[in-house]
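Residue strings, one per chain:
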Amino acid sequence: MRWYYLHNFTRYRASLEALRIHMIDKHDLIGLDDSARKSTLMSGSRSATAPHDAFSLGRRMELLRTTSNAALSSYLAEEDKSSHHLEVPFRAFNLALVDNASAEYSFITEFFSKQSFHAVNRKFAEIFEPTFALGQALTKQLVDTTVDALGVLICVRLNQHFAFELQRRKMIMDMHCESMRRAASSLSGRSAVSALSLTSSPNAQSTAPHQLTQKFANFLQGILALSSEAGDDEPVSNSLGRLRGDFEAFLTKMSKSIGDSKKRERFLFNNYSLVGTIIGETEGKLAEEQKSHFNSLKEAFAEKR
């Protein structure tokens, strides 16, 4: 059975690798000027995929909300010509893994019912260890070179869902879930911070919100929406703090190019107001903290207007 699962999941991984994945890399940084990004794309240095917004969550949240437990079949994966984000193959592989591992674990516990709990778990681990390693390698492959912080964080949330499902089924796959959690979590913070990576930008030409503010606010809203159930120990909060600090430093630097103090304050007010509006309906403890922070900034500059 060890060979059987490894063989079939190796084939399934190859099928998932046939999916077209949106490449979100250094050319999709929030701080990259749009004209520079278009120039890079036109030069042909990246393989073309369908247009996508790298900074907005959009319908990607539906993957966490779906009640369907059907994994993507190998045939459909190989025939699919549409483009997907990295969380799609991640979910498909691990959903199939959870289902197959659950069935095998149920059989082992019943067939070896007279053996100890630890003996049964050892037999299960012997069968699935190579397949777990295959899944962990796929996770590393998907997240290692991307700056798609939203996609990496979705993978973290999916992994949490799988862990809860395994607890419900009274299964032991802690080592596998923890390995995937470490692989994805270690990159989610790095991706969130590197996604900003501000490039040099021209001076502010008006008091209207800067184009980067729209990107930042959409990105922030996505991170907050994916963290709506997060507690006090949410690791992504530290990364958000650094990201927010870089954004505020950028706006302060931009505002200094405006000579008139009243216009400078209006510029900051308009930018912070836009962020507050975009994240305004997002729920959760982390979201409330961010909304309170940006409302305070907005009010500070509103008083000076």
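Check the entry above for the structure.
About the criteria used
What you see as residue numbers is a count from 1 along each chain, following the sequence as written. Per-residue local features are limited, in this predicted model, to residues with pLDDT of at least 70; the limit for side-chain atom pairs, both in listing and counting, is 80 or more; totals at the level of whole chains, interfaces and linings are taken over all residues. Heavy atoms from the whole structure form the basis of all side-chain values; hydrogens and water molecules are not counted. Only Phe, Tyr and Trp rings take part, Trp by its six-membered ring, and two of them pair if their centres are within 6.5 Å. Stacked means planes under 30 degrees apart, edge-to-face means over 60, and tilted covers everything else. Think of it in three bands: residues with accessible area under 20% of the maximum for their type are buried, residues over 50% are exposed, and the middle band is partly exposed, with areas taken using a 1.4 Å probe on protein chains only. The convention used is that axes are lines fitted to C-alpha atoms, helices contributing only their stretch in contact, and that angles between N-to-C directions extend from 0 to 180 degrees. Strands here mean DSSP runs of E at least two residues long; helices mean DSSP runs of H or I at least four residues long; both are numbered from the N terminus. By the definition adopted for this analysis, an angle is roughly parallel if under 35 degrees, roughly antiparallel if over 145, roughly perpendicular if from 65 to 115, and oblique otherwise. Note on convention: the crossing is left-handed when the near helix lies turned anticlockwise from the far helix by less than a right angle, right-handed when the turn is clockwise. Note on contacts: a residue pair is in contact if any heavy atoms of the two residues lie within 4.5 Å. Each residue is assigned to one class: nonpolar for Ala, Val, Leu, Ile, Met, Phe, Trp, Tyr, Cys and Pro, charged for Asp, Glu, Lys and Arg, and polar for all the others, Gly among them. Any pair of nitrogen or oxygen atoms within 3.5 Å is treated as a polar contact; in protein, a donor-acceptor pairing is required on top of that, and neighbouring residues in sequence qualify only through side-chain atoms on both sides. One side-chain nitrogen of Lys or Arg within 4 Å of one carboxyl oxygen of Asp or Glu is enough to make a salt bridge.

On to the packing of aromatic side chains. Within this structure, the stated rule accounts for 15 aromatic pairs. Note on Tyr4 and Tyr5: the rings are 5.2 Å apart at their centroids and 75° apart in plane angle, and the pair reads as edge-to-face. For Tyr4, a relative accessible area of 42% gives the class partly exposed. Through a chain of ring-to-ring contacts, the aromatic side chains of Tyr4, Tyr5, Tyr105, Phe124, Phe128 and Phe132 assemble into a single cluster.

Running from N to C, helix 11 (residues 261-278) and helix 12 (residues 285-302) cross one another at 155°; their axes reach a closest spacing of 8 Å. Between helix 11 and helix 12, the crossing angle belongs to the class labelled roughly antiparallel. Read as a crossing pair, helix 11 and helix 12 show a hand that is left-handed. Contacts from Glu265, Leu268, Phe269, Tyr272, Ser273 and Val275 in helix 11 reach Phe294, Leu297, Lys298, Phe301 and Ala302 in helix 12. For the contact of helix 11 with helix 12, the residue count by class is eight nonpolar, one polar and two charged.

Within the element layout of this structure, Arg13 appears in helix 1 (residues 2-16). On the basis of relative accessibility, which here comes to 15%, the residue Arg13 falls in the buried class. Looking at Arg13, its side chain comes within polar contact range of the side chain of Gln141, at 2.6 Å. The residues touching Arg13, leaving out its near neighbours within four places in the chain, are Phe93, Leu134, Ala137, Leu138 and Gln141.

Side-chain pairs of opposite charge can arise whenever the charged atoms involved come near each other. In total, this model carries eight salt bridges according to the counting rule given. We note a salt bridge from Glu17 to Arg13, for which the minimum N-O separation is 3.0 Å. The class of Glu17 is partly exposed, set by a relative accessible area of 40%. Here Glu288 ties to Lys291 by a salt bridge, and the two come within 2.9 Å at their closest N and O atoms. Remark: Lys291 and Glu288 occur in helix 12; sequence separation between them is three residues, near one turn of the helix. Assessed through its relative accessible area of 44%, Glu288 is described here as partly exposed. A relative accessible area of 13% means that Lys291 is categorised as buried. Among the ionic contacts, a cluster of salt bridges with common partners joins Arg60, Glu87 and Asp148.

None of the figures reported here should be taken as evidence of function without further support.
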